[in-house]
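A look at the structure
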Amino acid sequence: AQSVTQLGSHVSVSEGALVLLRCNYSSSVPPYLFWYVQYPNQGLQLLLKYTSAATLVKGINGFEAEFKKSETSFHLTKPSAHMSDAAEYFCAVSADFGNEKLTFGTGTRLTIIP
Amino acid sequence: EAGVVQSPRYKIIEKKQPVAFWCNPISGHNTLYWYLQNLGQGPELLIRYENEEAVDDSQLPKDRFSAERLKGVDSTLKIQPAELGDSAVYLCASSSPGLTPANTGELFFGEGSRLTVL
């Protein structure tokens, strides 16, 4: 079975500082990995995904993530935080292409300090 | 293009009462999902439809929960009777047909229906 663990349920960073949200996965097969963002009172929106192509994946709003098999990690980063980045971020995993059953992590709430 | 539409956005009921949530997916999306999101948790899949067929309902508590997707478009999720522990956000999502590595895992979520059971 596949699972993801998000380290840190709350992360606070100053505006302009580096954003780092951590995600580690467990999978018996090469996984497909995703980051979704949820703004207050809105549905989830796909930020980026890893599907066994390039290990460094770029997404929307300046976010990127790097797949590291040796560390079973897929951490999300952004060089400079904006106030508009304040939201809840979810890491998710699926077993393989065609298996659309996503398993989500518990989420990390990102707060931006002015 | 219109997104996934859910209603109602908020619902407050007393325990033991029934409740129903409605979802209209993005036009042309054959796959429809209902997810449960408890406070402070990630979404958990309740049921997945491919057209009219429920292909994965293993996590749906069938004693009180039911779902249907007549004609393979809109879907309704029902709880009867509701319990205090059912207070949560119920998310509907859809994904496009013609699955490829380019679009795999890209689910489009509605804004959710927040249920409060008193």
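Residues numbered from 1 in each chain as written. Chains lettered and ligands numbered in written order. Predicted model: local features only at pLDDT ≥ 70, side-chain atom pairs only at ≥ 80, totals over all residues. Heavy atoms only, no water.

**Things to note about the side chain of D85(A)**
Residues and elements named next belong to chain A. Along the chain, D85 turns up in the loop between β8 (73-78) and β9 (87-94). Polar contacts involving the side chain of D85 include one to the main-chain amide nitrogen of H82, which spans 2.8 Å. If near-sequence neighbours (up to four positions away) are discounted, D85 is found in contact with F63, K78, S80, L110 and I112. (Helix = DSSP H or I, 4+ residues; strand = E, 2+ residues; numbered from the N terminus. Polar contact = N/O pair within 3.5 Å; in protein donor to acceptor, adjacent residues only side chain to side chain. Contact = heavy atoms within 4.5 Å.)

**Things to note about the sheet that holds strand β8 (residues 75-79) of chain B**
All names here are of chain B. Strand order in the open sheet made by the 4 strands is β1-β3-β8-β7, with antiparallel pairing throughout. If you trace the sheet from one side to the other, it starts and ends with β1 (5-7) and β7 (65-68), each paired once. The average undirected angle you get between the axes of adjacent strands in this sheet is 15 degrees. When β7 meets β8, the two strands line up antiparallel, connected through 4 bridges. Bridging from a neighbouring strand, S66 pairs with K78 of β8. (Pairing = 2+ DSSP bridges. Axes fitted to C-alpha atoms, helices over the stretch in contact; angles between N-to-C directions.)

**Describing the pattern of salt bridges**
Pairing of side chains with opposite charge becomes possible as their charged atoms draw close. Residue and element names in this part refer to chain B. Counting across every chain of the model gives 8 salt bridges over all chains. The residue R64 makes a salt bridge to E83 at a minimum N-O spacing of 3.3 Å. Taken together, the residues span a long stretch of sequence, with R64 in the loop between β6 (53-56) and β7 and E83 in the loop between β8 and β9 (88-95) at a distance of 19 residues. R64 sits in the buried class, given a relative accessible area of 13%. Taking relative accessible area as the criterion, E83 reaches 42% and is therefore assigned partly exposed. Close ionic contact of D86 with R64 constitutes a salt bridge, the shortest N to O distance being 2.6 Å. Remark: R64 occurs in the loop between β6 and β7 and D86 occurs in the loop between β8 and β9; sequence separation between them is 22 residues. In this structure, D86 and R64 share a single accessibility class: buried. Residues participating in the shared-partner salt-bridge network are R64, E83 and D86. (Salt bridge = Lys/Arg side-chain N within 4 Å of Asp/Glu carboxyl O. Buried < 20%, exposed > 50% of the residue type's maximum accessible area, 1.4 Å probe, protein only.)

**Considerations on the nonpolar core**
Ranked by internal contacts, the top residues of the largest apolar core, which has 27 residues, are W35(A), L48(A), L76(A) and Y89(A). Listed by contribution, the elements that provide at least two residues to this core are β2 (10-14), β3 (19-26), β4 (32-38), β5 (44-50), β7 (64-68), β8, β9 and β11 (108-113) of chain A. Listed in part, the 22 residues of the second largest apolar core include V4(B), C23(B), L32(B) and L36(B). (Core = buried A, V, L, I, M, F, W, Y, C linked by side-chain atoms within 4.5 Å.)

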